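# Residue-level structural notes
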Amino acid sequence: MLIKEKINEIRKDFKYLEDDPEYIYFDNAATTQKPIQVLEDTVAYYEHQNGNPHRGAHKFAFSATEVYENGRKKVADFINANSANEIIFLRNATEALNLIAYSYALNNLKKGDEILISIMEHHSNLVTWQFVANKTGAKLNYLYLDDDMQITDQEFDSKINKNTKILAITAASNVVGTMPNVKAFIEKAKNVSKDIITVVDAAQYVPHHKVDVKDLNCDFLAFSGHKMLSSMGIGVLYGKEELLNTMDPFLYGGDMIEYVREDESTFLNSPQRFEAGTTNVGGVASLVSAINYIDKIGIEEIYNIESELCKYAYEKIKKLDYIDVYTTSNSHRSPVIAFNVKEAHPHDVASILDNYKIAVRSGHHCAQPLHRYLGVNASCRASFAFYNTFEEIDSFIEHLEDVRRILRIGSK
Ligand SMILES: Cc1ncc(COP(=O)(O)O)c(C=O)c1O
């Protein structure tokens, strides 16, 4: 099937297009739209299987437990984890990264240690490490980007050293699209010291790529369901089991304890150790359905469609001399294009585009240090998904000219 026909088939699954087929949704990196199959499966869980998991001796507690624990196995298979015990369900990638900071880093880092991150990190993988550095006295180091938004080997080699205790890096930038060779960086880090803990922020990677945590050999990996077709409020932390079981709990309460006495308690192993309180079973049902949907289309096909869309948009927008583009030219990238219309404020650009029924994001995209590094305060971002079309990109490109006309830029 031709790529255009394939996209048209896929579009039938998305209800937002029924509401207004002309509206162009290019804010997929913030959150994706949800296919009807995922919405139906989520409702079906609440209609037929809803209960509080783990702690009941009745049909509904059993069915919720089954949905939840089967979901854990599904996610473990999806990212090729060794065991379901390595999958912790949380609210989102942000919570997953904070769990590592609180439960691992605060207890293990000290003055003299170093944390290595990149300048293109989302605040959730940046402010979190600033906090750890401030609390422990460890030093926060940055990997900077070359002119094409890549981290060179030279840059990496000059920053990693025996004092580095944590390497925390994005697998795909939500602004410049860069997909660093995380596997190679992890290997290099482990060669410097096998004790370096490696953290991969895969929030913008998992929706577009097959992830194999065994092959990556990372210690931790975080992602959010809502960026990959599922409902909000469900996210995943992967962690190596032996490491997780050495860590303190993150939150304390029900469902994570072994024995509780008046003055002390003992805790279950991972994953229950890190899942205090009632969990988001409906979210897990939704995430499982999203994975089924992705599997049905095929993650390689998704990457292929999105790469073609992004390439098409990139080549068109690069030709416009009144636009500054920040996205890497490397076609191995996440499907995002960050840009500015010269002399225009990004919020004005986004508002005008919205009047033409085009949704793009504007602001710093939770990446202020990156924007400062690029020499701008903010940018616009168009981000694509496999249910977008080439015609939508044509329309977006055409209306950029209208933005200039309305703002009277370039007119004498
Ligand atoms: C690269 C990256 N990491 C982490 C996050 C945080 O995701 P969430 O807000 O779902 O926790 C985002 C969200 O945009 C992101 O783009």
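Reference entry: report on the structure contained in this document. The shown structure was predicted, so the numbers you read here are calculated from the model rather than taken from an experiment.

## What to know about the packing of aromatic side chains
Taken as a whole and assessed by the stated rule, the structure comprises 19 aromatic pairs. A centroid spacing of 5.0 Å and a plane angle of 65° characterise the contact between Y45 and Y46, whose relative ring orientation is edge-to-face. A centroid spacing of 5.4 Å and a plane angle of 70° characterise the contact between F386 and Y387, whose relative ring orientation is edge-to-face. Summarising the burial analysis for this pair, F386 and Y387 share the class buried. Taken together through their ring pairs, the aromatic side chains of F14, Y16, Y25, Y293, F386 and Y387 make up a single cluster. The ring of Y314 is capped by R333, whose NZ or CZ atom sits 4.5 Å from the centre of that ring. Between the NZ or CZ atom of R404 and the centre of the ring of Y322, over which it lies, the distance is 4.1 Å.

## Details of the site of the ligand
Near the ligand, the surroundings consist of N92, A93, T94, H122, S124, N174, D201, A203, Q204, S224, H226 and K227. Within the side chain of S224, a nitrogen or oxygen atom sits 2.6 Å from an oxygen atom of the ligand. K227 places a polar side-chain atom, nitrogen or oxygen, 2.6 Å from an oxygen atom of the ligand. Bound to the protein, the ligand loses 88% of the 390 Å² it would expose on its own. Considered class by class, the residues forming the shell around the ligand number 2 nonpolar, 8 polar and 2 charged.

## Quick look at the sheet that holds strand β8 (residues 235–239)
The strands that make up a sheet pair up through hydrogen bonds in the backbone, lying either parallel or antiparallel. Taken together, the 7 strands give an open sheet; going across it, the order is β2-β8-β7-β6-β5-β3-β4, and neighbouring strands pair in mixed fashion. Each edge of the sheet is formed by a strand with only one pairing partner; in this case those strands are β2 (87–90) and β4 (139–143). Adjacent strand axes in the sheet meet at a mean angle of 20° when their direction is disregarded. Bridge count between strand β5 (residues 164–170) and strand β6 (residues 197–201): 5 bridges; the pairing is parallel. Directly across from I166, in β6, lies its bridge partner I197. Across the sheet, helix α5 (residues 93–108) is in contact with β2, β5, β6, β7 (220–224) and β8; its angle to β7 comes to roughly 150°.

## A closer look at the sheet that holds strand β14 (residues 361–363)
Judged by pairing direction, the sheet is antiparallel, and its 4 strands sit side by side in the order β11-β12-β15-β14 without closing on themselves. Sheet topology places β11 (323–325) and β14 at the edges, where each strand pairs with a single neighbour. Sheet twist, expressed as the mean angle between neighbouring strand axes with direction ignored, is 30°. As judged from the 3 bridges shared by β14 and strand β15 (residues 379–383), these two strands associate in the antiparallel manner. Paired with R361 across the two strands is R381, which belongs to β15. In the packing of helix α12 (residues 299–318) onto the sheet, the strands contacted are β11 and β12 (336–341), and the crossing angle to β12 comes to about 20°.

The rules behind the values
The residue numbers shown here count from 1 along each chain, following its written sequence. Only residues with pLDDT of 70 or above have their local features reported here, since the model is predicted, and side-chain atom pairs are shown and tallied only from 80 upward, although totals for entire chains, interfaces and linings are computed over all residues. Calculation of side-chain values draws on the structure's entire complement of heavy atoms; hydrogens and water are dropped beforehand. Stacked, tilted and edge-to-face are the three classes assigned to paired rings of Phe, Tyr and Trp, where Trp is represented by its six-membered ring and a pair needs centres within 6.5 Å; plane angles under 30 degrees give stacked, over 60 edge-to-face, the rest tilted. Exposure is judged per residue with a 1.4 Å probe applied to protein chains only, and the accessible area is read against the type maximum: over 50% gives exposed, under 20% gives buried, and values in between give partly exposed. Think of it as a cone above the ring: NZ of Lys or CZ of Arg counts as a charge over the ring if it is within 6 Å of the ring centre and within 35 degrees of the ring normal. Nearness here has a simple test: a residue counts as near a molecule or strand if at least one of its heavy atoms is within 4 Å of that partner. Counted as a polar contact is a pair of N or O atoms within 3.5 Å, where, for protein atoms, one must be capable of donating a hydrogen and the other of accepting one, and residues adjacent in sequence contribute only when both atoms are in side chains. Computed with the Shrake-Rupley method and a 1.4 Å probe, the accessible areas treat only the protein chains shown as cover for residues. Residue type decides the class: Asp, Glu, Lys and Arg count as charged, Ala, Val, Leu, Ile, Met, Phe, Trp, Tyr, Cys and Pro as nonpolar, and the leftover types, Gly among them, as polar. Pairing between strands requires that DSSP locate at least two bridges from one strand to the other. Each helix is a run of DSSP H or I of at least 4 residues and each strand a run of E of at least 2, with the numbering of both proceeding from the N terminus. Between N-to-C directions, angles span 0 to 180 degrees; the directions come from axes that are lines fitted to C-alpha atoms, helices contributing only their stretch in contact. Throughout, a residue-residue contact means that at least one pair of heavy atoms, one from each residue, lies within 4.5 Å.

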